[in-house]
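Listed here are the chains, written in short residue letters.
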Amino acid sequence: TKRKSNLTLHLLKFIEMPSAKLFTRHLGVSCAMQYWFHIYWNTMILHLPDAPFQNARPQSEDEATGILSQYVPTLDTSSTERPLVCFTSTSWTEDERFDLLWYALELFDKRFSDYNIHMYVIITGRGPLRAMYERKVDFEPFSHIQVVMLWLDHLEYRKLIGCVDVGISLHDSTSGLDLPMKILDMLGAGIPVIAKNYACISELVNPSNGLLFDQAEEVFHILYTTPSKKGKNMKWGMATRNTCIDVWHEKCTHLI
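Only a predicted model underlies this, so the values are computations on that prediction, with no experimental measurement involved.

> Would you take a moment to explain the overall build of the protein for this structure?
When helices and strands are counted, the protein shows 9 helices and 8 strands. Looking at the protein residue by residue over its 256 residues, the buried ones come to 46%. Summarising the internal contacts of the protein: among those between residues at least 6 apart in sequence, 73% fall at separations of at least 24. Total accessible area on the protein is roughly 14200 Å²; 56% of this is exposed by carbon and sulfur atoms.

> Quick question: what am I supposed to make of the pairing of strand E3 (residues 84-89) here?
In summary, the side chains of a regular strand alternate between the two faces of the sheet. Judged by how many residues are buried, E3 sits mostly within the fold: 6 of 6 residues are covered. Handedness of the E3-helix H4 (residues 98-109)-strand E4 (residues 119-124) crossover: right-handed. With 2 bridges joining them, E3 and strand E6 (residues 166-169) adopt parallel strand pairing. Bridging across to E6, Phe87 finds its partner in Gly167.

> Just to check I follow, could you spell out a nonpolar patch on the surface for this structure?
Residues Leu11, Phe14 and Ile15 make up a contiguous nonpolar surface patch of roughly 340 Å² in combined accessible area. Along the chain, Leu11 falls in helix H1 (residues 2-20).

> How do you make sense of the sheet that holds strand E8 (residues 210-213) when you look at a structure like this?
Pairing between the strands of a sheet comes from backbone hydrogen bonds, and it takes one of two forms, parallel or antiparallel. Strand order in the open sheet formed by 6 strands is E5-E4-E3-E6-E7-E8, and the pairing between neighbours is parallel. Only two strands of the sheet have a single neighbouring strand rather than two, namely strand E5 (145-150) and E8. Averaged over all pairs of adjacent strands, the angle between their axes in this sheet comes to 20°, without regard to strand direction. Taken together, the 4 bridges between strand E7 (residues 193-196) and E8 define a ladder with parallel strand orientation. Residue pairing across strands places Ala195 opposite Leu212, the latter belonging to E8. Sheet strands in contact with H4 are E3, E4, E5, E6, E7 and E8, and its direction is about 150° off that of E5. With respect to the sheet, helix H8 (residues 216-225) is in contact with E3, E4, E6, E7 and E8, its orientation differing from that of E8 by roughly 155°.

> What is the right way to read the packing of H4 against H8 from this model?
Pairs of packed helices are described in terms of their axes, by the angle between the two and the distance that separates them. Running from amino to carboxyl end, H4 crosses H8 at an angle of 50°, the nearest separation of the two axes being 8 Å. Regarding the angle of H4 to H8, the classification is oblique. Once H4 is placed against H8, the crossing between them reads as right-handed. On H8, the residues that touch Leu100, Leu101, Tyr103, Ala104, Leu105, Leu107 and Phe108 of H4 are Ala216, Glu217, Val219, Phe220, Leu223 and Tyr224.

> Quick question: what am I supposed to make of the environment of Asp172 here?
Within the secondary structure, Asp172 sits in the loop between E6 and helix H7 (181-188). According to the relative accessible area criterion, Asp172 is partly exposed, its value standing at 22%. Along the sequence, Asp172 and Ala195 sit 23 residues apart, while their C-alpha atoms lie 9.1 Å from each other. Residues within four places of Asp172 in sequence aside, it is in contact with Asp95, Arg97, Lys196, Asn197 and Tyr198.

> Help me understand unusual backbone geometry, please; the structure alone is not making it clear to me.
When glycine is set aside, most residues are seen to have a negative phi, and most peptide bonds are trans. Within the chain, Asn42 stands out as a residue other than glycine whose phi angle is a positive 50°. Summarising the element assignment, Asn42 is placed in the loop between helix H2 (31-40) and strand E2 (46-47). The backbone phi angle of Trp92 is positive, close to 55°, even though this residue is not glycine. Considering the arrangement of structural elements, one finds Trp92 in the loop between E3 and H4.

> In this structure, what is going on with the nonpolar core? I would like to understand it.
Nonpolar side chains tend toward joint burial in soluble globular proteins. Residues Phe87, Ile122, Leu160 and Ile183 are the most contacted members of the largest nonpolar core, which totals 32 residues. Contributions of two or more residues to this core are made by helix H3 (61-71), E3, E4, E5, helix H6 (154-161), H7 and E7. Sequence-distant contacts of Ile122, that is, excluding residues within four places in its chain, are made with Leu68, Val72, Val85, Cys86, Phe87, Thr88, Val148, Leu150, Leu160 and Val164. Core analysis: the second largest hydrophobic core is formed by 30 residues, Leu84, Trp102, Leu105 and Leu129 among them.

> Looking at this structure, how should I read the packing of aromatic side chains?
Each pair of aromatic rings is reported with the distance of its centres and the angle of its planes. Tallied over the full model, the rule gives 14 aromatic pairs. Judged by centre distance (5.2 Å) and plane angle (50°), the rings of Phe108 and Phe112 are tilted. According to the relative accessible area criterion, Phe108 is buried, its value standing at 3%. Assessed through its relative accessible area of 22%, Phe112 is described here as partly exposed. Taken together, the ring pairs connect Trp92, Phe98, Trp102, Tyr133 and Phe142 into an aromatic cluster. A cation sits over an aromatic face here: Arg111 above Tyr224, 4.6 Å from the ring centre.

Conventions adopted
- Residues numbered from 1 in each chain as written.
- Predicted model: local features only at pLDDT ≥ 70, side-chain atom pairs only at ≥ 80, totals over all residues.
- Heavy atoms only, no water.
- Helix = DSSP H or I, 4+ residues; strand = E, 2+ residues; numbered from the N terminus.
- Buried < 20%, exposed > 50% of the residue type's maximum accessible area, 1.4 Å probe, protein only.
- Contact = heavy atoms within 4.5 Å.
- Areas by Shrake-Rupley, 256 points an atom, 1.4 Å probe, with all protein chains shown as cover.
- Right-handed = clockwise from strand over helix to strand, strands pointing away.
- Pairing = 2+ DSSP bridges.
- Patch = residues over 30% accessible without salt bridge, like charges linked within 9 Å, V, L, I, M, F, W, Y side chains within 5 Å.
- Salt bridge = Lys/Arg side-chain N within 4 Å of Asp/Glu carboxyl O.
- Axes fitted to C-alpha atoms, helices over the stretch in contact; angles between N-to-C directions.
- Parallel < 35°, antiparallel > 145°, perpendicular 65-115°, else oblique.
- Left-handed = near helix turned anticlockwise from the far one by under 90°.
- Core = buried A, V, L, I, M, F, W, Y, C linked by side-chain atoms within 4.5 Å.
- Phe/Tyr/Trp six-rings, centres within 6.5 Å; stacked < 30°, edge-to-face > 60°.
- Lys NZ or Arg CZ within 6 Å of the ring centre and 35° of its normal.

Below is the structure:
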């Protein structure tokens, strides 16, 4: 299977490399992609980053209370000391480093000796690894974390993102040149992001809107020390939707 995969890659490269020179204009979502095409394929591409959808926005406190109660009925949204609510969307593939998140959750779970839930983790999406992690939750449940796995339509998904405290991106790019659209969804909804570190992710996530991690211990430390929106103010970056939109419009002017 690996040999067939390598042959396929070589065939695609043989077709795509000369074909790229036939087009008059190329678009890429990252500066790293722009640089790679210039250096390795001698092809110029225009850097045009993704932007959040227009309906991605923060939810008001009343809206958030109603929406969260639908999906996490055990959460007391009225409490000023309510647990942290985290969110991640995924296709449940090997490119998503759920092993790091799960180890971080195990570390988090061991830090408490009471009988309370101290964090909610909402995961949306479908894919091949979902069943395995569902079994983990069923047979080795956490004592102080509640994991909620959902499949939502587009509108429900957009609304939910604007209600949570922190977004988590576990995407670990194979090429190191792409940027996850899920992070744009989170930034558009005005929530800070914890993202898996790789070659070009700092083009999207920086201290003004989130934090990067390499190891599970870093994820644990961030989650353990981050209060909810209902608690004291977060000590690290808050995302802003307008900043993402402004960058996109600035890049668009080069096309005119």
